[in-house]
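Per-entry structural report
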Amino acid sequence: MSTYRDFTHRGSARATVLRTVGTRERRSHLTAPRVPTVGIDIGGTKVMAGVVDADGNILETLRTETPDKSKSPKVVEDTIVELVLDLSDRHDVHAVGIGAAGWVDADRSKVLFAPHLAWRDEPLRDAIASRLVVPVMVDNDANTAAWAEWRFGAGRGEDHLVMITLGTGIGGAILEDGHVKRGKYGVAGEFGHMQVVPGGHRCPCGNRGCWEQYSSGNALVREARELAAADSPVAHGLIERVKGNIPEITGPLITELAREGDAMCVELLQDIGQWLGVGIANLAAALDPSCFVIGGGVSAADDLLIGPARDAFKRHLTGRGYRPEARIAKAQLGPEAGMVGAADLARLVARRFRRTNRRRVERYERYAQFYDQAATTIRNTRGTRSAE
């Protein structure tokens, strides 16, 4: 790592900052250079970095905890730079893509707001690019995950795809004809904050009745803990598993018990799945995609969740019976999807970086040739004078 730190000051002069990747991503990715790039996935609890090749294969992965949100944004930037430099010691990295859990502006240069980090209108792309010798791309983590599933996973071959990421909350992304639809201001796809129950549960966003309050990891855990706190007979198995320590009830534990046949845990996942299906039906009415890809940590419940979602989708779909139904599929790339997608999108930046450098190399070669000729002429002139 010391080698890269030594060259950081020189790298800042060479760093290429891409103002826009372009609007025709589908065509661009087919001609992007087949070079390794680094993808970064920044969440509320972890920062994951990996080197990814042009076929979506992960060559190496590093993980570290996300610095506490009370710390300055520079602390998180330092973490990103350290991970990239570490990977660069062992791989020829041509660009860096960052998938951030937050709102990213339309130029993909600033994180406007990150709920789990102290980023407010933070110029993340320029801050990182100024410290590395490669160009940097920044996007919303749901957008990068959707891109990865479209390129390498469950969404391959789909022209109109919507991705739903079920984690602590609900994120989402829209791909149309191979282009990520980011909206005028860059914040499209915030499906989790559609209101589905007027006056319902209070959401951290400030509103009530948001979709993610009924179909997310938080909703699943909230319902389970409420039943356990009330000492409900149906929660006996869950209470026994955590030995009465209610804060130890987590989403993965609920899923595990559901797979073992615990009736209450199965019912909780069915409830979450039904609300998921209602929201998907609403999105189908608005966007009419050919495929919904369900990702995020909660999707690990598989058909315990997606089965009820498909049933609810069919019951609530507008014009059901008289229109084609979108396919609902589980994401295939798992928790690495955001990282893989960020790295793949960064390859579009790498192409321009390589072209710029090639022009620089060509220019240098012309100058070198000129100076070689001049030096030869001078030597010949001196040799002639010496002979005289």
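The structure displayed is predicted, hence computed values, not measured ones.

This paragraph deals with the pattern of salt bridges. Under the criterion given, the structure shown has 18 salt bridges. For the salt bridge of Asp-344 with Arg-151, the shortest nitrogen-to-oxygen distance reads 2.8 Å. Of the two residues, Asp-344 sits in helix 12 (residues 337-387) while Arg-151 sits in helix 6 (residues 141-152), which places them 193 residues apart along the sequence. Neither Asp-344 nor Arg-151 differs from the other in exposure class; each is buried.

The interhelical angle for the contact between helix 9 (residues 251-259) and helix 10 (residues 263-287), taken along N-to-C directions, is 115°, at an axis separation of 7 Å. The interaxial crossing formed by helix 9 with helix 10 has left-handed handedness. Contacts between helix 9 and helix 10 pair Ile-254, Thr-255, Leu-257 and Ala-258 from the former with Cys-265, Val-266 and Leu-269 from the latter. Of the residues assigned to the contact of helix 9 with helix 10, the class counts are six nonpolar, one polar and no charged.

Tracing the sequence through the fold places Pro-135 in the loop between helix 5 (124-129) and strand 8 (136-140). In the structure, Pro-135 is positioned 215 residues away from Ala-350 in sequence and 6.9 Å away in space, judged by C-alpha atoms.

This next bit is on the packing of aromatic side chains. A full pass over the atoms with the stated rule returns four aromatic pairs. Ring plane angle 55° and centroid distance 5.1 Å describe the contact between Trp-147 and Trp-150, whose orientation is recorded as tilted. Highlighted residues: Trp-147 and Trp-150, both in helix 6, separated by three residues, approximately one helical turn. Owing to a relative accessible area of 8%, Trp-150 belongs among the buried residues under this scheme. A centroid spacing of 5.0 Å and a plane angle of 45° characterise the contact between Tyr-214 and Trp-275, whose relative ring orientation is tilted. With Tyr-214 in the loop between strand 11 (179-180) and helix 7 (217-229) and Trp-275 in helix 10, this residue pair connects regions lying 61 residues apart in the sequence. Overall, Tyr-214 belongs to the buried group, its relative accessible area being 12%.

Cut-offs applied
Residues numbered from 1 in each chain as written. Predicted model: local features only at pLDDT ≥ 70, side-chain atom pairs only at ≥ 80, totals over all residues. Heavy atoms only, no water. Salt bridge = Lys/Arg side-chain N within 4 Å of Asp/Glu carboxyl O. Helix = DSSP H or I, 4+ residues; strand = E, 2+ residues; numbered from the N terminus. Buried < 20%, exposed > 50% of the residue type's maximum accessible area, 1.4 Å probe, protein only. Axes fitted to C-alpha atoms, helices over the stretch in contact; angles between N-to-C directions. Left-handed = near helix turned anticlockwise from the far one by under 90°. Contact = heavy atoms within 4.5 Å. Nonpolar A, V, L, I, M, F, W, Y, C, P; charged D, E, K, R; others polar. Phe/Tyr/Trp six-rings, centres within 6.5 Å; stacked < 30°, edge-to-face > 60°.

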